[in-house]
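# Understanding the architecture of this molecule
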Amino acid sequence: MTVSPSVSINNPIYPIRWQEDRVYLIDQTRLPIERAEVEIRTSEEMARAIETMIVRGAPAIGVSAAYGMVLGAGEIPAGTLEEFRSKLKTVADRLRRTRPTAVNLFWAIDRMLETADRTTGDADDIRRALWETALQIQEDDVRTCKAIGEHGLAVLPETPEKLRILTHCNTGALATAGYGTALGVIRSAWSANRLLKVYADETRPRLQGSKLTAWECVQDGIPVTLLTDSMAAHCMKQKMIDAVIVGADRIAANGDTANKIGTYSLAVVSKAHNVPFYVAAPLSTVDFSLADGSGIPIEERNPSEVYQVGSTRICPEGVDFYNPAFDVTPAELIAAIITERGAVKPGDLKSLGSS
Ligand SMILES: CSC[C@H]1O[C@H](OP(=O)(O)O)[C@H](O)[C@@H]1O
């Protein structure tokens, strides 16, 4: 377990808060109309919160699953240590079944199981160690995001004017334990007085850009212009965009990157207009077991996300639907992958080591 200077995880826009014996999550399905918290008391409630996207975003899903393991450990009745460890693996399996693409989920669950396996003593000793590991994962993620922000600053294009950066989906504090990955780079650029404005794709069908990224920018006083998902090419043709920065849910060893649906087409359009296209992600998002992106599982979600906006149906009956939540951008379209250990060309990820 790393020992690092403490970092604050108490911030009103950070999505996850442990208090006493339960977790409080900002309900991201109610933003931006209302900032409300949902109380999570059991591992099953945490699993449902991940599946229904009350909490979402690769790193945030990992931290949430870690706390889901802590809650699950507290549910296991008295018995032998062997029974405890066996039941803990059942909790882990339930959390693994929530969402398939973000590798951070599986990375966090594996770290929690490693903690349980190496902890001696009784079940309460393991429960304590699990809570400490989950807290460490949460604090490390905020530190990681801030490091990503600083490394991102170093690779952003040097321009005579302040930067106009386009981003897709939500990769901010709400998608992490705090500060954000791609939106963390944008926050760092704003703090360094190098940013003019953010262009935020609305990001159909769940609208994380219009509902969450725009909300975070307003909270921080960062100028933000909302775009529909079809506007990027037109904006680039008019020379309105200096760079594109997006997040990631799973990066293969060669740099192929799975991210929110629409990212691949954004990368193609960026290439066509010579706009640098960056991915910002922690190393816990890199899956070195996959040689390339062809093996990344792509989540398909409920068609209702496509055929209705809020409670309003937007298409007739008798229509078929396709709702992949992610797509894969080939490494050759990515200028650099920005991590907490530096920014590298997609093919050089291995030089950074693993998380
Ligand atoms: C900081 S990574 C956030 C990443 O997760 C989002 O997906 P979802 O909202 O479905 O969890 C999107 O792909 C973001 O880039």
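The name that an unreviewed UniProt entry assigns to the protein is Methylthioribose-1-phosphate isomerase, with the source organism given as Pannus brasiliensis CCIBt3594. One UniProt comment on the protein, placed under Sequence similarities (unreviewed entry), says "Belongs to the EIF-2B alpha/beta/delta subunits family. MtnA subfamily." Its UniProt record gives the protein a comment under Pathway (unreviewed entry), which states: "Amino-acid biosynthesis; L-methionine biosynthesis via salvage pathway; L-methionine from S-methyl-5-thio-alpha-D-ribose 1-phosphate: step 1/6."

Bringing the sheet that holds strand S11 (residues 286-287) into the picture now. One open sheet accounts for four strands, arranged S11-S8-S9-S14; its pairing is mixed. The open sheet is flanked by S11 and strand S14 (326-329), the only strands paired with a single partner. As paired elements, strand S9 (residues 257-260) and S14 share four bridges and run antiparallel to each other. What sits directly across from Lys260, in S14, is Phe326.

Here we come to the state of the cysteines. Summed over all chains, the structure comprises zero disulfides. This cysteine, Cys145, is not joined by any disulfide, and Cys169 carries the nearest cysteine sulfur, 15 Å off. Its sulfur unpaired, Cys217 is 13 Å from the next cysteine sulfur, which belongs to Cys169. Residue Cys217 is classed as buried on the basis of its relative accessible area of 1%.

Right, let's talk about the site of the ligand for a bit. Around the ligand lies a shell of 19 residues, among which Gly57, Arg99, Asp249, Asn259 and Lys260 are the nearest. Between Lys260 and the ligand, the recorded distance is 2.7 Å, taken from a side-chain N or O atom to an oxygen atom. When the ligand sits alone it has 410 Å² of accessible area, and the protein chains cover 99% of it. The residue makeup of the shell around the ligand, split by class, is seven nonpolar, eight polar and four charged.

This part takes up the UniProt feature "site: Transition state stabilizer" (unreviewed entry) in the protein. Feature annotation in UniProt assigns "site: Transition state stabilizer" (unreviewed entry) to the following positions: Cys169. Along the chain, Cys169 falls in the loop between strand S4 (163-167) and helix H6 (182-191). With sequence-adjacent residues up to four places away left out, Cys169 is seen in contact with Arg56, Asp201, Thr203, Gln208, Gly209, Thr213 and Lys260.

This part takes up the environment of Trp107. The residue Trp107 is located in helix H4 (residues 103-118) in this model. Measuring from C-alpha to C-alpha, the distance between Trp107 and Thr285 comes to 8.3 Å, with 178 residues separating the pair along the chain. If we skip the residues at most four places from it in the chain, Trp107 touches Ile137, Ser284 and Ser355.

For the rest of this paragraph, the subject is the pairing of strand S7 (residues 243-246). Alternating positions in S7 separate into two faces, Ala243 and Ile245 on one and Val244 and Val246 on the other, with burial throughout. Summarising the sheet, S4 and S7 pair through two bridges and their orientation is parallel. Pairing of Ile165 across the sheet is with Ala243, part of S7. The pairing of S7 with strand S10 (residues 277-280) spans three bridges and is classified as parallel.

Rules of the game
Residues numbered from 1 in each chain as written. Predicted model: local features only at pLDDT ≥ 70, side-chain atom pairs only at ≥ 80, totals over all residues. Heavy atoms only, no water. UniProt positions renumbered as here; feature names shortened; annotations may be inferred. Pairing = 2+ DSSP bridges. Helix = DSSP H or I, 4+ residues; strand = E, 2+ residues; numbered from the N terminus. Disulfide = S-S within 2.5 Å. Buried < 20%, exposed > 50% of the residue type's maximum accessible area, 1.4 Å probe, protein only. Near = heavy atom within 4 Å. Polar contact = N/O pair within 3.5 Å; in protein donor to acceptor, adjacent residues only side chain to side chain. Areas by Shrake-Rupley, 256 points an atom, 1.4 Å probe, with all protein chains shown as cover. Nonpolar A, V, L, I, M, F, W, Y, C, P; charged D, E, K, R; others polar. Contact = heavy atoms within 4.5 Å.

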